[in-house]
Amino acid sequence: MSINGEIARKADAEFATDDLKFSVDGAAWGFVERAYLMLNKPAGYECSQAPKHWPSVYSLLPTPLTTRPTKSSVNGVQAVGRLDQDTTGMLLLSDDGQFIHHMASPKHHVPKMYVVTTKHAVDDAAISALLAGVVLNDDPEAVAAVACERVNETQIHLTLTEGKYHQVKRMLAAVGNRVEALHRSQIGGLKLDPDLAEGRWRWLTADDLAKING
Ligand code: URA
């Protein structure tokens, strides 16, 4: 690693962060106090630091992001909620513990939009049931989608504010259907960047961060 053009030899050396330029393994990095990023998650990756059957989404990020020491309580970036191994689309990651907590908290009702491809046609009764609330097997309280629109016979846009385990798959199972493909396209007002190829990440801008809660 080199800092302001000098090879860094002391791990505990301190630097002013204004205009700090450094490079890791020859790649230039700008300094950011907190890291906020969006990853276009491909299928076949687990959102876990210790994956069991598939490679980890963290292997898609450069090492300085996954191991960087910070003043916050988390070490390196962490996924803001998890997507299943076979789910694709927008995954946010950050090393800001407060941001992660805020986004994950059901109290804050940050909507997440999914494009759901189903095995069987989704009829009006199923859409009404998803909007009215369905009971999942681990919780007597019904969970309801905040929006559900049909794209075609076997595809819907489903918007949820909670993030329960396998929630979309279990909600569709509760109305007698099955999820064939699941893609998260939007969180709050922030859409997955169409220029971000699968498996690639980018920093979130201040504008992006405002859109999430806006
Ligand atoms: N709901 C699911 O069932 N899976 C996901 O990955 C996300 C939401």
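No experiment lies behind these values; they were computed from the predicted model shown. (Residues numbered from 1 in each chain as written. Predicted model: local features only at pLDDT ≥ 70, side-chain atom pairs only at ≥ 80, totals over all residues. Heavy atoms only, no water.)

A.B. asks: Hey, could you run me through the side chain of Arg 170 in this one?
C.D. replies: Position of Arg 170 among the secondary structure elements: in helix H4 (residues 167-174). Exposure remark for Arg 170: the relative accessible area of 16% places this residue in the buried category. What Arg 170 contacts, discounting residues up to four positions off in sequence, is Leu 136, Asn 137, Asp 138, Lys 164 and Tyr 165. (Helix = DSSP H or I, 4+ residues; strand = E, 2+ residues; numbered from the N terminus. Buried < 20%, exposed > 50% of the residue type's maximum accessible area, 1.4 Å probe, protein only. Contact = heavy atoms within 4.5 Å.)

A.B. asks: So what exactly am I meant to see when it comes to the side chain of Thr 159 here?
C.D. replies: Considering the arrangement of structural elements, one finds Thr 159 in strand S12 (residues 155-160). Classification of Thr 159 by relative accessible area gives buried; the value is 10%. If sequence neighbours within four positions are ignored, Thr 159 has contacts with Pro 111, Lys 112, Met 113, Ala 145, Val 146 and Ala 147.

A.B. asks: Can you walk me through the site of the ligand in this structure?
C.D. replies: In the vicinity of the ligand, the contacting residues are Leu 83, Asp 84, Thr 87, Tyr 114, His 166, Gln 167, Val 168, Lys 169 and Leu 182. A distance of 2.8 Å separates an oxygen atom of the ligand from a polar side-chain atom of Thr 87. About the coverage of the ligand: the protein hides 95% of its 240 Å² of free accessible area. Looking at the shell around the ligand residue by residue, the class counts come to four nonpolar, three polar and two charged. Here the shell around the ligand gathers at least three residues from each of two domains, domain 2 (34-107 + 201-213) and domain 3 (111-187). (Near = heavy atom within 4 Å. Polar contact = N/O pair within 3.5 Å; in protein donor to acceptor, adjacent residues only side chain to side chain. Areas by Shrake-Rupley, 256 points an atom, 1.4 Å probe, with all protein chains shown as cover. Nonpolar A, V, L, I, M, F, W, Y, C, P; charged D, E, K, R; others polar. Domains from an automatic or database assignment.)

A.B. asks: Looking at this structure, how should I read the environment of Lys 119?
C.D. replies: Inspection of the secondary structure assignment puts Lys 119 in the loop between strand S8 (112-118) and helix H3 (124-132). Judged by its relative accessible area of 48%, Lys 119 falls in the partly exposed class. Sequence separation between Lys 119 and Gln 155 is 36 residues; the distance between their C-alpha atoms is 9.1 Å. Apart from the residues within four sequence positions on either side, Lys 119 is in contact with Thr 154, Asn 177, Arg 178 and Glu 180.

A.B. asks: Teacher, can you tell me more about the pairing of strand S7 (residues 87-94) here?
C.D. replies: Counting buried positions over the eight residues of S7 gives eight, a clear majority of the element. One ladder, built from two bridges, connects strand S6 (residues 78-79) with S7; its direction is antiparallel. Looking across to S7, one finds that Ala 79 is bridged to Leu 93. Two elements, S7 and strand S13 (residues 179-187), share three bridges in a ladder whose sense is parallel. Its bridge partner lying in S13, Gly 89 is registered against Arg 184. (Pairing = 2+ DSSP bridges.)

A.B. asks: How do you make sense of the pattern of salt bridges when you look at a structure like this?
C.D. replies: Two side chains of opposite charge can pair, provided their charged atoms sit close to one another. With the rule as written, the count across this model stands at seven salt bridges. With a shortest N-O distance of 2.7 Å, Arg 202 and Asp 193 are connected by a salt bridge. (Salt bridge = Lys/Arg side-chain N within 4 Å of Asp/Glu carboxyl O.)

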